[in-house]
Amino acid sequence: VLPQSSWYNISSKKLMENPSGFVDIDGESYYFSHLRPYKNLDVHFFLFNPKEKELAFINSINEKSRDFIKKLSLQMRLTAIGGLLFVLLILSNIAKRITTPITHLAQVTKIVAKGRLDQIKIPKTLKTKRHDEIYTLYQSFFEMVQGLKEKEKVQGVLNKVVSKEIAEETLKGNVQLGGEEKHTTVLFADIRGFTSLTEKMDPKEVIELINTCMTKVSHIIDKYGGVIDKYVGDEVMALFGAPLELSLIHI
């Protein structure tokens, strides 16, 4: 909770219309990811991370790539001054082979900086015997992009089935799969008189009734830090205090 914070002045329109992007808060730029875990619920989550921290590795690659291109270009020009036409043609061909992947990297880093990972196509493994620094840089960069894409997919799937906090803890590896002892509360809630109420209703009406009730119950469970374990017909099972402990709940 951030009372009287500049975070409340963020343009909600920009956040809602973009799956990711950048916003400026108190003079500092932040990268955000827009997550909508439930398809049928108007519930939105936003993850923020400082731009410098989020894109530190990408910016480093971009800067080194540009420096390398400048140095290589200068060397080629100096060589061209004292060389013959045949030598110039050979050097031009070599330069093209060398700078093409670096130029490609420079273009792709701009797309990554805007948070548009879905627009990047991961190239297949280069069919070459080269194993120099440029080849290593090219391959490492796209392996990093592939890792970012997989992380977004995993986080997107987790946010569809669990809360944001649990998804973050799971990605951090803080959830013990072997089991833990915790003080928890288990909630079982169902619709009173559901059988007699729905036995003469159309299937569509039954579904609408269940969706309406479960939507309201889900909002309340999320509000107090609960985790929905499962839905069984008109019944919902929820956990409070697991897998994340709740320090204080106001009822």
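Here the structure is a predicted model, which means the values were calculated and not measured.

**Remarks on the overall build of the protein chain**
Here's step 1: When helices and strands are counted, the protein chain shows eight helices and six strands.
Here's step 2: When the helices and strands of the protein chain are read in sequence order from the N terminus, they spell out α-β-β-β-α-α-α-α-α-β-α-α-β-β.
Here's step 3: Counting over 251 residues, the protein chain shows a buried share of 28%.
Here's step 4: Surface summary for the protein chain: the accessible area is close to 18100 Å², and the carbon and sulfur share equals 56%.

**Considering a positive patch on the surface**
Here's step 1: On the surface, a cluster of positive charge is made up of Arg66, Lys70, Lys110, Lys114 and Arg116.
Here's step 2: Relative to the helices and strands, arginine 116 is located in the loop between helix 4 (85-113) and helix 5 (133-161).

**What about the pairing of strand 5 (residues 226-232)?**
Here's step 1: Judged from the six bridges that link them, strand 5 and strand 6 (residues 235-240) form a sheet pairing that is antiparallel. Considered in strand 6, the bridge of valine 227 is made with leucine 239.
Here's step 2: Between the antiparallel neighbours strand 5 and strand 6 lie two residues, among them glycine 233 with a positive phi of about 65°.

**Details of a nonpolar patch on the surface**
Here's step 1: Together, Leu84, Phe86, Val87, Ile90 and Ile94 make up a nonpolar patch on the protein surface, roughly 480 Å² of accessible area in all.
Here's step 2: The topology assignment puts isoleucine 90 in helix 4.
Here's step 3: The partly exposed category is assigned to isoleucine 90, whose relative accessible area is 39%.

**Re the sheet that holds strand 2 (residues 28-35)**
Here's step 1: The three strands are arranged 1-2-3 in an open sheet whose pairing can be described as antiparallel. The sheet is open, and its two edges are formed by strand 1 (20-25) and strand 3 (45-50), each paired on a single side. The mean angle between the axes of side-by-side strands here comes to 35°, regardless of whether they run parallel or antiparallel.
Here's step 2: With six bridges connecting them, strand 2 and strand 3 associate as antiparallel partners. In the strand pairing of strand 3, tyrosine 30 is matched with proline 50.

Rules behind the numbers
- Residues numbered from 1 in each chain as written.
- Predicted model: local features only at pLDDT ≥ 70, side-chain atom pairs only at ≥ 80, totals over all residues.
- Heavy atoms only, no water.
- Helix = DSSP H or I, 4+ residues; strand = E, 2+ residues; numbered from the N terminus.
- Buried < 20%, exposed > 50% of the residue type's maximum accessible area, 1.4 Å probe, protein only.
- Areas by Shrake-Rupley, 256 points an atom, 1.4 Å probe, with all protein chains shown as cover.
- Patch = residues over 30% accessible without salt bridge, like charges linked within 9 Å, V, L, I, M, F, W, Y side chains within 5 Å.
- Salt bridge = Lys/Arg side-chain N within 4 Å of Asp/Glu carboxyl O.
- Lys, Arg positive; Asp, Glu negative; His and termini not counted.
- Charge placed at Lys NZ, Arg CZ, Asp CG, Glu CD.
- Pairing = 2+ DSSP bridges.
- Axes fitted to C-alpha atoms, helices over the stretch in contact; angles between N-to-C directions.

So, to be careful, I would describe these as geometric facts and stop short of saying anything about function.
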